[in-house]
Amino acid sequence: MLEALNPQPQDKILQLMALYREDPRTDKIDLGVGVYKDATGLTPVMRAVKAAEKKLWEEEKTKTYTGLAGEPAFNAAMVGLILGDGFADRAASIATPGGTGAIRQALELIRMANPKARVWMSAPTWPNHPSIVKYLGMTGVEYRYFDLATSGIDFDGLMADLEGVAEGDAILLHGCCHNPTGANLSTDQWTDVIALLQRKGAIPFVDLAYQGFGDGLDEDAVATRMVAAAFPEVLIAASCSKNFGIYRERTGILIALTSPDRKAVVQGNLNFLNRQNYSFPPDHGARVVTMILQDQALAADWCTELEEVRRNMLGLRQSLADELRRATNSDRFDFVAHHRGMFSRLGLTEEQVNVLRQEHGIYMVGDSRINIAGLNAQTVPVLAAAIASVCG
Ligand code: LMR
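Small disclaimer: the values here were computed from a predicted structure and weren't measured.

Procedures and definitions
Residues numbered from 1 in each chain as written. Predicted model: local features only at pLDDT ≥ 70, side-chain atom pairs only at ≥ 80, totals over all residues. Heavy atoms only, no water. Near = heavy atom within 4 Å. Polar contact = N/O pair within 3.5 Å; in protein donor to acceptor, adjacent residues only side chain to side chain. Areas by Shrake-Rupley, 256 points an atom, 1.4 Å probe, with all protein chains shown as cover. Nonpolar A, V, L, I, M, F, W, Y, C, P; charged D, E, K, R; others polar. Domains from an automatic or database assignment. Buried < 20%, exposed > 50% of the residue type's maximum accessible area, 1.4 Å probe, protein only. Helix = DSSP H or I, 4+ residues; strand = E, 2+ residues; numbered from the N terminus. Arc of directions from axis to C-beta. Contact = heavy atoms within 4.5 Å. Pairing = 2+ DSSP bridges. Axes fitted to C-alpha atoms, helices over the stretch in contact; angles between N-to-C directions.

**Thoughts on the site of the ligand**
Part 1 of the reasoning: Within the structure, the ligand sits among Ile13, Val33, Gly34, Trp126, Asn179, Tyr210, Lys242, Phe343 and Arg369.
Part 2 of the reasoning: Gly34 is positioned such that a nitrogen or oxygen atom in its backbone is 2.7 Å from an oxygen atom of the ligand.
Part 3 of the reasoning: Look at the ligand: alone it shows 260 Å² of surface, and the protein chains cover 80% of it.
Part 4 of the reasoning: Partitioning the shell around the ligand into residue classes produces five nonpolar, two polar and two charged.
Part 5 of the reasoning: Both domains that meet at the shell around the ligand, namely domain 1 (10-44 + 307-391) and domain 2 (65-294), each give it at least three residues.

**Section: helix H1 (residues 12-22)**
Part 1 of the reasoning: Looking only at H1, the buried set comprises Ile13, Leu16 and Tyr20. Each buried residue of H1 lies within a common arc of 60° when the element is viewed along its axis, so the set occupies one face. In H1, the exposed positions angled more than 90 degrees off the buried face are occupied by Leu14, Arg21 and Glu22.
Part 2 of the reasoning: On its buried side, H1 packs onto strand S1 (29-30), helix H13 (350-360), strand S12 (362-363) and strand S13 (369-371).
Part 3 of the reasoning: Where H1 begins, the capping side chain belongs to Asp11, and its oxygen is found 2.9 Å from the backbone nitrogen of Ile13.

**Topic: the sheet that holds strand S2 (residues 91-96)**
Adjacent strands of a sheet pair through backbone hydrogen bonds, lying either parallel or antiparallel.
Part 1 of the reasoning: If you walk across this open sheet you meet the seven strands as S2-S10-S9-S8-S7-S3-S4, and the pairing is mixed. The outermost strands of the open sheet, each flanked by one partner alone, are S2 and strand S4 (139-144). Within the sheet, the average angular offset between the axes of one strand and its neighbour, ignoring direction, is 20°.
Part 2 of the reasoning: Inspection of the sheet shows strand S8 (residues 203-208) paired to strand S9 (residues 234-239) by four bridges, in the parallel sense. Residue pairing in the sheet places Asp207 in a bridge with Ala237 of S9.
Part 3 of the reasoning: Along the sheet face, helix H4 (residues 98-113) touches S2, strand S3 (118-123), strand S7 (170-174), S8, S9 and strand S10 (252-257) and points at about 160° away from the line of S9.

So this is what it looks like as structure tokens:
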């Protein structure tokens, strides 16, 4: 039987992670996978997470099963963090193994409810989006998003493409900190996109993996909240991997907003999907997140540390833009300072990306996406000089 299997294409981001690990050079620079690193190159366990884990170890009396949808307190705290107050009666939800788990469950829910629904994704998007859509046998459609000439949004192209949306199609939108480009819609542009999608009868599907990494916790949720208020039905896949730094704990949530009288049926379908795919969702990370969000002191400390992380990335953006200005003697890369989140797409060719890896030991994804958080004060000028040398 197994000899019938064909080799699978490798995930480009994870492949790069492996290549980096194998590289013996000691001065190599990892700007690949989206993981936050501090100035020493460490992905730290956040203080509030450590404190909550200690308390949990002391107080936890059982590890018996939780609810099929996860602990209700986690789901309620996450709905509050993402949407604020006022959505409890519309929000069905399940805890999931990370943001990827939430995306997978959302797509399965869409397919169950409407097998004909197409899934619209920005060009470009996180490579695992189209990969899962294809794996589930669903139809994916691209809409224009990024303008390589300006490294900003191709808004005319986006609006023109979304005119092709059919009623019931799902539109995957990055709630903040677009991955891989770092270019984000303005509030006015969100307003226009929402009006267009309302006119089309589309189902918005928001991927929110970086809340708190762009402009701030509430600021990064503004677009998601606008969408939630504007549509009767919305799917939101959110991750705690980055903003709580608990990558390997696999902590995420899928929220399905519906009408109060449909909520029980939608919740039953979400529970069913959890049961079919893995029964109970992972609990440790979710419990830690709940403890933090429910404890004023822990929540305040978490917000402070997250803010430090965010400001550090903003500082790195500015210094990289400044260094690139100096090194290339041009404003070609000024957009790096205006982008938000962990990533920016630099607009280099695949060949230039390969030279950076082979000759300079600098690892970035093939489409020239860099993880800003992979940099520090020492490596910013090294990267800028290397980019200037391949562009020269
Ligand atoms: C990334 O885009 O680098 C992250 O979301 C990690 C991943 O799983 O790809």
